[in-house]
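Here is what each chain is made of, one letter per residue.
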Amino acid sequence: MPAERFPVNVQGRTLELSNLDKVLYPAAGFTKGEVVDYYTRVAPVLLPHLAGRALTRIRYPNGVEGGSFFEKNRPASTPDWVRVETLPAPGSTKGRDTIDYVVADDLPTLVWLANLAALELHTPQWKIGEHPDMLVVDLDPGPPAGLGECCAVAVLMRDRLADDGIDCYPKTSGKKGMQLCCPIAGTQPADVVSDYAKRIARELEGEHPKLVVSKMAKNLRPRKVFIDWSQNNAAKTTVAPYSLRAQPAPSVSTPLTWDEVEAGTGGRRPAVRTFTAAEVLDRVEEYGDLLAPLLDGGPELPG
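Residues numbered from 1 in each chain as written. Predicted model: local features only at pLDDT ≥ 70, side-chain atom pairs only at ≥ 80, totals over all residues. Heavy atoms only, no water.

Going by an unreviewed UniProt entry, the protein chain carries the name Bifunctional non-homologous end joining protein LigD and comes from Micromonospora nigra.

Following this line, the structure appears as structure tokens:
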């Protein structure tokens, strides 16, 4: 039986939405229609963080308990009004020289992607044709360490970066860890950004060896927080703020206040935790976009 389709007008673009009652998060009963609704409502704070960036999607056509696939190249059915940018693809596993990336600069594109069950949205740390305008580190706890330990390392990283005049802004990954995002000038190549992040991670590891690890070997991570500086590699992407994640509940990569992070270091309430789509919409109403300063640029990294 063919899928029931619903034509809608989104800012002057006609889209056909389908299977809106299909449950994509079975444990929560969260449907594709609710995914579309979430992305529509969060768009004012999400779209500025996607604009101008090549977008990698993780699609879950049969929900988070079904199969998924990474998608970098534009789908065959991409509407002609969607922005597509052809970029080099060094090291492509499919032998491509270039990839036709989708760029989500507007609400119609975001709704179209949500209708394709593109639950997770990932971006690089730079806009197309430019140098990185963000430094990002991923804080990955090795069990039994958790978000409390991530909060402690986040504060250490914040204070160390402040010594170099670098501001950073925290968010949850939407899974078990956190990320710190730092606005930078956008004048230095990715290898300079990556080398700087690596140097700071190793410095913190030397000062706090019982809490921090900077090496990727998994056998070194139990009870510690891995500072993944490699997120700044030219081939890497990071989950976008406000993106859904493929967890049992519709969790979201959620911007945090530093008050929340500092409270999380001692296990006090309100401790940092994973937040659902509904909670994030409430937080946006209360706080606005806590990551808005990322859009204003920052300083060059020290040599």
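Once the structure has been displayed, the description carries forward.
Observations concerning the environment of Y242
Structurally, Y242 can be placed in the loop between strand 15 (238-239) and strand 16 (251-252). Using a relative accessible area of 2% as the deciding quantity, one classes Y242 as buried. It is 8.4 Å that separates the C-alpha atoms of Y242 and A277, two residues lying 35 residues apart in sequence. (Helix = DSSP H or I, 4+ residues; strand = E, 2+ residues; numbered from the N terminus. Buried < 20%, exposed > 50% of the residue type's maximum accessible area, 1.4 Å probe, protein only.)

Points about helix 5 (residues 258-265)
Buried within helix 5 are the following residues: W258, E260, V261, A263 and G264. At its buried positions, helix 5 is contacted by helix 3 (147-163), strand 11 (169-172), strand 12 (178-183), strand 17 (275-276) and helix 6 (277-287). (Contact = heavy atoms within 4.5 Å.)

Some remarks on the sheet that holds strand 5 (residues 56-59)
Pairing is antiparallel across the open sheet formed by 4 strands, whose spatial order is 6-5-9-15. Looking at the sheet topology across the chains shown, the edges are occupied by strand 6 (69-71) and strand 15. Sheet topology places strand 9 (residues 118-123) next to strand 15; 2 bridges connect them, and they run antiparallel. Counterpart to T123 in the pairing with strand 15 is T238. (Pairing = 2+ DSSP bridges.)

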